[in-house]
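Structural overview
Here are the chains, one letter per residue:
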Amino acid sequence: MRSIKLGLLGFGTIGTGVVKLLQKNHALLAERTGVSLELVRIADLDITTDRGVNLAPGILSADAEGLLNDPEIQVVIELIGGYEPARSFVLKAIQNGKHVVTANKALLALHGEEIFRAAEEAGVEVMYEASVGGGIPVISAIKENLGANEFTSLYGILNGTCNYILTRMDEEGEVFADVLVDAQKHGYAEADPTFDVEGIDTAHKLALLLSLCFGTRVDFDKIYTEGISKITALDIEFAHGFGYKLKLLAIGKRDGDQIEARVHPTMVPKDYPLSTINGVFNCVRLVGDFVGPVMLSGYGAGMDATASAVMGDVVAIAHNLKAGIGTRVAALGCPQSALSNYAIKPMEQIVTPYYLRLMVKDQPMVLAQIAGILGKHQISIESMIQPHRHVAEAVPIVFMTHEAEERNVRAALYEIDQLGEVCEESLLIRIEDNLE
Ligand code: HSE
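For clarity, every value in this text was computed on a predicted model and none was experimentally measured. Every chain's residues receive numbers from 1 upward, in the order its sequence appears when written. Confidence filtering applies because this is a predicted model: local features only for residues at pLDDT of at least 70, side-chain atom pairs given and counted only at 80 or more, and all residues used for totals across whole chains, interfaces and linings. With hydrogens and water stripped out, all remaining heavy atoms of the structure feed into the side-chain values.

Only heavy atoms are used to decide nearness, and a residue is near a molecule or strand if one of them lies within 4 Å of it. Taken together, Lys105, Asn159, Gly160, Thr161, Tyr188, Ala189, Glu190, Asp196, Asp201, Lys205, Gly300 and Ala301 make up the full set of residues adjacent to the ligand. Any pair of N or O atoms that falls within 3.5 Å is considered a polar contact. Within protein, one atom must be able to donate a hydrogen and the other to accept it, and sequence-neighbouring residues count only if both atoms are side-chain atoms. Tyr188 places a main-chain nitrogen or oxygen 2.7 Å from a nitrogen atom of the ligand. Here the accessible surface of atoms and residues is derived via Shrake-Rupley with a 1.4 Å probe, and residues count as covered only by protein chains that are part of the display. Burial of the ligand by the surrounding chains reaches 93%, relative to a free accessible area of 260 Å². Numbering of helices and strands runs from the N terminus, with a helix taken as a DSSP run of H or I at least four residues long and a strand as a DSSP run of E at least two residues long. Taken together, the elements giving at least two residues each to the shell around the ligand come down to helix H6 (160–172) and helix H9 (200–214). All residues other than Ala, Val, Leu, Ile, Met, Phe, Trp, Tyr, Cys, Pro, Asp, Glu, Lys and Arg, Gly among them, are scored as polar; the first ten of these are nonpolar and the last four charged. Its residues placed into classes, the shell around the ligand shows 3 nonpolar, 4 polar and 5 charged.

Here's what the structure looks like:
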């Protein structure tokens, strides 16, 4: 049987999962692809930690250059993460005519154009299913199975760590910081967990989905990105009371030559399927002009599910090689030359209903002043509650608004926060209750 030699860069949690999968399912993969997938080299700076897997002698070394220059290796799996040296290694692999499989969303969100162009010129695949949604096969679905559709919107719960934290806060009333430690122990979190909790990891994934769905280059820095670190148990409790769940959503919408591209905590009606995605599960909801709404969900992080996605890409490349094909589908579903340059709609122009939580002194005229400021800025109130009364302390007042323009909401909150009776910076949470 023909064999295809693989090289693995990065022997952390996901790398270990890849080795385990290859060892357990080796015969099955050979049966399916007709080739034997052989992992011949692993390069990692740490060659001493016991990962709980047995390797043939000599496979693991710190020699990434040796792996990249090994003429036997046809597929390089990059699981180092981060920008450098991952970027240089991926470019070197491409330059050496090797196919690349990566889970590195940060790298592709910022340097995708350079990497995909280099791959196109070299006639090799760069596949990255594991970079978005862990084990969910969303990238191949967009490029292939749904590739006949024009997409109008996408919603994603794309960070397992955040969804795990929000779910535990919701179901068990736990405190943010404690649950984060637990997520890190499970191996869900990024090396730098601020990437998770501040929404940056979700934004990396959104950038890729936007390019795939709308066929456009995306300026990553223009994606509005807000994480979950300011969310309190109180907001989750209020969300419940109003019939909503709180999720960190990635939102992409096409509006002519503009796209909405935003990541922020969002209130979603409890009875929407998106609201039922809990724990480390992720989901992506897409709307295509012919298929209508499609929702895919599965484990969004963790060793096994992510290894499944990585190896799915290796299997696809093995099929190509067996059929004598170099590349089959362009990395973003269309050639680089066919990509558009849609502008990202400024956040001030977003129109949506809002949840506004203010902490105020419980005194006469406070509510009247706040309602006056909201009215002056064209913000219409749908409902309002002031649930607690502790005379000496600040009390929360929560407003649910009708649809309003974000520029007006921000201007109103700025004015409200100047009032002497307002005790801390007010919080706004956007609501999505009108999915097409
Ligand atoms: N840190 C990421 C998450 C891992 O929590 O979803 C998968 O990209």
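From this point, the discussion proceeds with the structure in view.
This part is about the domain arrangement of the chain. All domain edges in this entry derive from an automatic or database-based domain assignment. Splitting the chain by domain gives domain 1 (3–135 + 303–332), domain 2 (139–301 + 342–347) and domain 3 (348–431). The gap between the C-alpha centroids of domain 1 and domain 2 is 26 Å. Tallying the contact residues gives 22 residues for domain 1 and 21 residues for domain 2. With both chains or domains summed, domain 1 and domain 2 bury close to 1800 Å², and 61% of this area falls on carbon and sulfur atoms. Sorting the residues of domain 1 by area buried against domain 2 places Lys105, Val132 and Leu332 first, and these three jointly supply 29% of that buried surface. Whenever Lys or Arg places a side-chain nitrogen within 4 Å of a carboxyl oxygen from Asp or Glu, that contact is recorded as a salt bridge. Put simply, domain 1 and domain 2 have 4 salt bridges between them. Glu144 is paired through a salt bridge with Arg328; the nearest N and O atoms lie 2.7 Å apart. Run the count over domain 1 and domain 2 and you get 11 residue pairs in polar contact (both at pLDDT 80 or more). Taken together, the elements giving at least two residues each to the side of domain 1 that touches domain 2 come down to helix H4 (105–122) and helix H11 (303–322). In this description, contact between two residues means that some pair of their heavy atoms is separated by no more than 4.5 Å. Buried area is calculated as the accessible area (1.4 Å probe) missing from two parts once they are joined, with the contributions of both summed.

Moving on: the packing of helix H3 (residues 86–95) against H4. For helices, the fitted axis covers only the stretch in contact; all axes are lines through C-alpha atoms, and the angles between them, taken along N-to-C directions, range from 0 to 180 degrees. Interhelical geometry of H3 versus H4 gives an angle of 10 degrees and a closest axis separation of 9 Å. Regarding the angle of H3 to H4, the classification is roughly parallel. Taken as a pair, H3 and H4 cross one another with a handedness that is right-handed. Contact with H3, carried on its side by Ala86, Arg87, Val90, Leu91 and Ile94, involves Leu107, His111, Glu114, Ile115, Ala118, Ala119 and Ala122 of H4 and no other residues of that element. Angles below 35 degrees are treated as roughly parallel, those above 145 as roughly antiparallel, those between 65 and 115 as roughly perpendicular, and all remaining angles as oblique. Each helix crossing is assigned a hand: it is left-handed if the near helix lies turned anticlockwise from the far helix by less than a right angle, otherwise right-handed if that turn is clockwise.

A few words now on the packing of aromatic side chains. One pair of aromatic rings is described through two measures. These are the centre distance and the angle between the planes. Stacked, tilted and edge-to-face pairs are distinguished by plane angle, under 30 degrees for stacked and over 60 for edge-to-face with tilted covering the rest, among Phe, Tyr and Trp rings (Trp via its six-membered ring) whose centres lie within 6.5 Å. Enumeration over the complete set of coordinates arrives at 3 aromatic pairs. Ring geometry for Phe116 versus Tyr128: centroids 5.4 Å apart, planes at 35 degrees, classification tilted. Taken as a pair, Phe116 in helix H4 and Tyr128 in the loop between strand E6 (126–127) and helix H5 (138–145) lie far apart in primary sequence, 12 residues in all. To sort residues, take the accessible area from a 1.4 Å probe on protein chains only and compare it with the maximum for the residue type: under 20% means buried, over 50% means exposed, and anything in between is partly exposed. When its relative accessible area of 1% is taken as the criterion, Tyr128 is described as buried. With a centroid separation of 4.6 Å and 40 degrees between ring planes, the pair formed by Phe281 and Tyr299 is classed as tilted. Taken together, the residues Phe281 in strand E11 (residues 281–288) and Tyr299 in strand E12 (residues 292–299) connect sequence positions 18 residues apart. Residue classification places Tyr299 among the partly exposed positions, given a relative accessible area of 46%.

On to the pattern of salt bridges, then. All told, the structure shown has 29 salt bridges when counted by the stated rule. For the salt bridge of Glu260 with Arg262, the shortest nitrogen-to-oxygen distance reads 2.8 Å. Considered together, Glu260 and Arg262 belong to a single accessibility category, that of buried residues. Where salt bridges share partners, they join Lys253, Asp255, Glu260, Arg262, Lys345 and Glu432 into one cluster.

An α-helix turns once every 3.6 residues. As a result, residues three or four positions apart point the same way. In this model helix H1 (residues 13–33) runs just 26 Å from its N-terminal to its C-terminal C-alpha over 21 residues, more than 12% under the 30 Å that 1.5 Å per residue would give. The quantity called bend is, for any residue, the angle between two axes fitted respectively to the seven residues ending at it and the seven beginning at it. At Asn25, H1 shows its largest kink, close to 70 degrees. Listed in full, the buried residues belonging to H1 are Gly15, Thr16, Gly17, Val18, Val19, Leu21, Leu22, Leu29, Ala30 and Thr33. For H1, the secondary structure elements touched by its buried residues are strand E1 (3–9), strand E2 (36–43), strand E4 (73–78) and H11. Gly34 sits one or two residues past H1 and shows a positive phi near 80 degrees. Here the expected length of a helix is defined as 1.5 Å per residue gap, with one fewer gap than residues.

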